[in-house]
Amino acid sequence: MKPRVSYSLPKDQELPPVIRQIVTNAPQNRKLPAFVASLSPLCAMCPRVRLHYYYDSRPSALLLQVLIEGAQSSGKSFAADIESLIMDKTLKERDKAMRRLEQEYRDKKKRRKANEKLEEEPETTIRVVPPTISKTVLTKRADMYERVFGDTLTFWMFAEELAQVTDAGKNGYSNLRTIMRTSYDLGSLFGIDFASDNSYSAIVDINICSMFCATPAALDEYFDKKAIEGGNITRTILCKIEDDLGEEGALFVPYTSEQRTQIDRMLKKLLDATYDGDGGLQPTVDLDMVWLDKTVCKWVREKGKEASLSGSYALDVFRKRSSVSAFRIAALCQYLYQMEKDPISTEVLQKRVKQIYLFMAEYILKGMLERWGRKFEEFNQKREQSMKAGPKENLFDQLTDTFTREQLNLLIEKQGKVTPDKVFLSRWKKLRVIEVVDKNTFRKTKKGGAS
């Protein structure tokens, strides 16, 4: 057997902009988590990018769902700091004006006199939504993109505690499990249709980038049997914080004014690549990733071979979306490299992007297998067993040539049948396949055949 290949990320200074500054300032034990935590918010900042994944027939977008798992007090707050760094001056700042318009309209509605007409409700395009949002409001906000821009945009969803999502999900109207599955793929529609005038009905393309922080217990509660079997887990990137016992807290180096300027400049570029100056959207950008197809196919095939040799159904299923998410990460990094003022050469770019794809494909797959592999195998095995047809046992053929009523009842009980013995006996007499020896004893006729 070939030795397992070990992959690594490019050096800190070789990473794409924004990610480069974040990872450079992270302590050694938080460099990889910092890299992972920066991915999903940056993808949310690039809603106009389109890419073609080798195994998909339709275009893809940069959509990722990240989970940061760590014990209590393990320092998961670094993810919130990264989220604030990327979102506060961009999407959140833009949403403030939109939410103010909505609030002003609600205030006017409360103050209006009876029969007083009110102007039309403002058409807002909110991008940052809480994980406690209802399906109706989310659908309305997604439909507003279509009404205002004639196209879809990406929502950003962040929670420092996954318990918020779990608690909200206990109310049917805020259970986003199905939406989180469809929101992973561009063009995968979700719809609600209500008769009430006070509700909202639409069929929309909801796209979400998300990052949730969670303790192991909260993760177990959210990703229950339905989520594991339904495919929620395969759409996630799990980043586990594993500090040694007694290890000191992770301290990030503050950003220099130069680093802040570099980050803000790139984030503004990403925002300008989304919205034009006239209140509309910029054209979509088709990112050329065809050069990576050979690497993708090779990795997917190799993992398929491993699954075949090991008999692991989890590996066979998990490898596919691990590659999809890794491909999207690679595409994000390529896009960021190309957006730099002084872009690197194509040869160097492709070398780094390929390195990032291979490392992240292995990383995502390993995380899923270690966290949910065994449960997935167990659930799959139980489902397959339950779907198998039971033994085709013919009740009559199981009886000896001469049998008693007691033997028949024992066999009826063994096969789990509920029909009384007298019904079977009556039928068999009519068919002339048995004859009565006495009240409780019967014999098969030649027509019935010998067992």
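See the structure printed just above.
Residues numbered from 1 in each chain as written. Predicted model: local features only at pLDDT ≥ 70, side-chain atom pairs only at ≥ 80, totals over all residues. Heavy atoms only, no water.

**Some points on the sheet that holds strand β10 (residues 434-438)**
Then, number 1: Strand order across the open sheet formed by three strands is β9-β11-β10, with antiparallel pairing between neighbours. Only two strands of the sheet have a single partner each, and these edge strands are β9 (402-404) and β10. Strand-to-strand twist of the sheet, defined as the mean angle between neighbouring strand axes without regard to direction, takes the value 30°.
Then, number 2: Bridge analysis of β10 against strand β11 (residues 441-444) gives four bridges, and the strand direction is antiparallel. Bridging from a neighbouring strand, Glu435 pairs with Arg443 of β11.
Then, number 3: Packing against the sheet, helix α16 (residues 421-430) makes contact with β9, β10 and β11, and its axis sits at approximately 120° to β10. (Pairing = 2+ DSSP bridges. Helix = DSSP H or I, 4+ residues; strand = E, 2+ residues; numbered from the N terminus. Axes fitted to C-alpha atoms, helices over the stretch in contact; angles between N-to-C directions. Contact = heavy atoms within 4.5 Å.)

**Digging into the nonpolar core**
Then, number 1: The biggest cluster of nonpolar side chains holds 125 residues, and the ones touching the most others in it are Phe35, Ile68, Ile329, Tyr357 and Met360.
Then, number 2: With near-sequence residues (within four places) excluded, Ile68 lies in contact with Ala37, Lys76, Phe78, Ala79, Met211, Phe212, Cys213, Ala214, Cys239 and Ile241.
Then, number 3: Core analysis: the next-biggest nonpolar cluster, separate from the first, contains 13 residues, Leu399, Phe403, Leu408 and Phe424 among them. (Core = buried A, V, L, I, M, F, W, Y, C linked by side-chain atoms within 4.5 Å. Buried < 20%, exposed > 50% of the residue type's maximum accessible area, 1.4 Å probe, protein only.)

**Describing the sheet that holds strand β6 (residues 207-214)**
Then, number 1: Read from one edge to the other, the open sheet built from four strands follows the order β3-β6-β2-β7, with strand pairing classed as parallel. Strands at the two margins of the open sheet, each flanked by one partner only, are β3 (154-159) and β7 (236-240). Strand-to-strand twist of the sheet, defined as the mean angle between neighbouring strand axes without regard to direction, takes the value 10°.
Then, number 2: Pairing analysis gives six bridges linking β3 to β6, with the strands arranged parallel.

**Concerning the pattern of salt bridges**
Then, number 1: The full count for this structure, using the stated rule, is 22 salt bridges.
Then, number 2: Lys31 serves as the salt-bridge partner of Asp12, at 2.8 Å between the closest nitrogen and oxygen. Highlighted residues: Asp12 in the segment before α1 (19-24) and Lys31 in helix α2 (residues 31-44), separated in sequence by 19 residues.
Then, number 3: Residues joined by salt bridges that share partners form a network here, namely Glu69, Asp220 and Arg371. (Salt bridge = Lys/Arg side-chain N within 4 Å of Asp/Glu carboxyl O.)

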